[in-house]
Every structure is written in C-alpha cells, then in structure tokens.
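Here's the letter readout for the chains.
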Amino acid sequence: MNQSKVSSGDFKNAILFIPNGFGFGTHSFSREILASNLLTFKPDSLLIGSLQTKSSSNNIPDTAAAATSLATGIKNANSLVSITETGVILTTILELGRQNNYITGIVSSTSLLDTSVAAFYAHSKNKTDQSFFADQLLNSNISVMFGGGKNILKSKEDEFITKGYSWIETEQELEQTTAPVIGVFSDENLPFEIDRNSDNIPSLNQMVIKAKELLSDITNKNGDITGYILIVFAGLFSEAADNRDLASTYHESISFNDALNSVLNFSNSNEKVKDLIIAASGYETSGLTLARILYNGTICSNYYPSVVSKIKKSVDFMSTEINKGFDPRTVIFDYTSIEITNLEEELLLNTTNQQELNLLIGEMICERACISFDSIGITGNDVPLYVYTTKPLICSIDDNDDEIKLFANIDNSQVANYVKCALSL
C-alpha cells in the first residue's frame, strides 16, 4: 500500500457513486453472475476497504443518517437530513463545492427527491417531505440534474425554466440538451433496469455520460471554474433487495458497472484529467448471502447464477401482472422459466398485497438459485469502498498532522472528508 500523501487541492474533479443497498454479499453475487455471463465486474479491481455505516443515534442507520454522513462528513442521528436535532445546518460537499467555484451535478436512478439524494442539497428534520425537497432543489444552483420525481417536480417546471434551466423528460431530449438542465424521466424512481423501456427512459450510463460531458464542457470553457463534483445514485439495489429480487439486482449491477466503466474510461484516456472516483453505498439492504437452507431443511452446497440470468422481468412486474388477473403459473414460467409447485400457485392466488407477492415470487427464485436474504430493510453491516485515483489515499490538511485516509476499514463520514481535503473545500 502506497501511504505517501496527497496535498489538499490536488484533484480537479470528484465523482462519487452511491449504490445504496449494495453490500459485500451484493459484491460477490455481482462479480460471479457477471462472470458467468462473460462480463467483468469492474468494482472488483477497485475494492480498497470497507465503511462502517452506523449513525450517531443507532447502530443501524436510516437513509437520512447514512446520506448525511456521505454528503457532509459529519455523523448525524437517524431521520435528520443534513441538519442536527438543534437545527444546525450541515454543509454538504456540493454546497462547499459551489462556494469554491466548482460546478455540480446529480444523476440518480431514484427520484431526485429521494431522501438519500436530498441530503446533498437540502436540510430538513422531516426525511419524507418531498415537496420541501423540491423547493430546495429549485434553489440549489446544481448545474446538471437527471433522475426521477416528475410527479412533484412537474409543478415547478416553469420556475426551473425561469431560472435558466432546460427542462427535459425523454431520452431523445437528453442527447440534445445543454446545461444548466434538469431531466426528470419518470414520476418517482426510474424503472428497474430489467424493466426499462429504452425508447423512452435513458439508462444510468446514458445519464452519467451526458452529465460528465456537460460538466466537463463548462469547466473547460470557463477559466473561473475550478472543476466539478458529480454525485451518481445507483439507488435501486435497495429496492431490489427488499423484494428479494435477484434478477433486478443482477441488471442493476450491470447498469452500475457500465456507468462506472464509462467514467473510468474517460479518465484513463485523458492524462490531464485529475479525477477522484469513489463508489460507496450509504448502507446495505437485506443481507444478500450466497447460501441457503431450503424449505425442506437441506443446506445448499452450491448456488446457481444461471437461474437468475434467464429471468426477463422484475419481481414487481410479475406481481403486478398476477394482480391484474393473469395466471400465476403462466406469468412465472414466461418470465423466469420456473415451473412453480401447486402449493406455490395456491399461495400466489391467495395473496393480493403487492409487497407480499413480491416477497413470495422473490423467495421462489431464491429457492431455485440457492441464494438467500437474511433480513428486510437496512442492516448494520459494513459496505465495500471502491476508489480509483492516481494519487495517494491519504490526504493531509494544510501540511499539518491532520490526515484523512481512504482505505482499510473507516467510518463512512471519511468519504466526504477526503473529498473536502482532496478538492480543498
């Protein structure tokens, strides 16, 4: 390990990927299933350590506390979005960036008003107040914003345009747009990649490529701009895990992998680019494990990625089809090639709640793949830390004895603190 030090301000740009819900089990699963389909999981070569995720109030964080830590470098209590219980505003790395002549961008496969995203531009004691987040986003001065959330943000279209933003809603408009821009491509979260209609909604990779192109162009043409900070939320791992949805996890892994590779290829092809590229989840969701005790008590001695690779649609899509009245046996076979048992068919017919159906279908697939999820919701497990940089992984602040490291096992707040140091924020 090279433990020489990078000086404050040694980087020009920072790109932070946040694949929320992504834990070490997801890492192993992603690597193995991509390999079984002759694909290379790039994060495997960038794994440099792990992050502790607990909040200042709980051993298990919630979305607000985890995002606040990554956004501000300060540990905070659950339920609070970049603000303390006493009302102290916690300044985010995007806000610090703009104060230091950096331009900023956000790309998200979730809603732009999702709690985890909002923690980078908003400050609230109510982590679910999306209308308030919309007002905060309008006044954030972020140059590039791509994601979901149209159901609420649409009402502010005219206000964004008045402020000089281009307003776009389609993949075709994305290709032609200029900055500043806000692109909202779905009412809430974007669809799972496995369900995405490529004729209407851009992929995470397409949004990231365009955002980086726009931010780079502004930086190169304006001598007053120091560089840029881009936050990328590959946020649907968490939703997939809550549904026990291995196929969606697989396709989200490809999406994350493609976007990360695009950024890395750009940085590697330009020696003058001084990019700091980090990927780190705010938390793990549901504890994916490559092992299983089957319903009959048998312990699996192997697991089977091929079961997952054949699946054509998300668990949520299939449960919606069943709730519409389509035959469960046919739906499951058509989209998974799995022949369900009579008992499984009966369970599906007698379940109308969407989330319960999701879990039933997800567990049927997990049973065949010999893979399991240990819980539901956010866990307290450490998460992987991935870093690409040509610079050292220790940053010194003002040439004194204060050092911030970005390797080994560290607290998740150190990610933002390293960015602050590296960009001299």
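None of the values given here were measured: they were computed from a predicted structure. (Residues numbered from 1 in each chain as written. Predicted model: local features only at pLDDT ≥ 70, side-chain atom pairs only at ≥ 80, totals over all residues. Heavy atoms only, no water.)

Q: Help me understand the state of the cysteines, please; the structure alone is not making it clear to me.
A: Cysteine pairs can be linked by a disulfide, which is a covalent bond between their two sulfur atoms. All told, the structure shown has 2 disulfides when counted by the stated rule. Bridging cysteine 395 to cysteine 421, the disulfide has an S-S length of 2.0 Å. Judged by the sign of its S-S torsion, about -85°, the bond between cysteine 395 and cysteine 421 is left-handed. With cysteine 395 in strand E13 (residues 394-396) and cysteine 421 in helix H17 (residues 413-423), this pair connects stretches of sequence that are 26 residues apart. The pair formed by cysteine 395 and cysteine 421 is uniform in burial state, with each residue classed as buried. Going through the protein chain in sequence order and numbering each bonded cysteine, the pairs you get are 1-2, 3-4. (Disulfide = S-S within 2.5 Å. Helix = DSSP H or I, 4+ residues; strand = E, 2+ residues; numbered from the N terminus. Buried < 20%, exposed > 50% of the residue type's maximum accessible area, 1.4 Å probe, protein only.)

Q: Could you clarify how one ought to interpret the sheet that holds strand E4 (residues 102-111) in this entry?
A: Remark on secondary structure: sheet strands pair via backbone hydrogen bonds, oriented parallel or antiparallel. One open sheet accounts for 10 strands, arranged E6-E7-E5-E4-E8-E2-E9-E12-E3-E15; its pairing is mixed. Two strands in the sheet have a free side with no partner beyond their single neighbour: strand E6 (166-168) and strand E15 (408-411). Taking each pair of neighbouring strands and ignoring which way they run, the sheet shows an average axis angle of 15°. Where strand E5 (residues 144-148) meets strand E7 (residues 181-184), 4 bridges bridge the pair, whose relative direction is parallel. (Pairing = 2+ DSSP bridges. Axes fitted to C-alpha atoms, helices over the stretch in contact; angles between N-to-C directions.)

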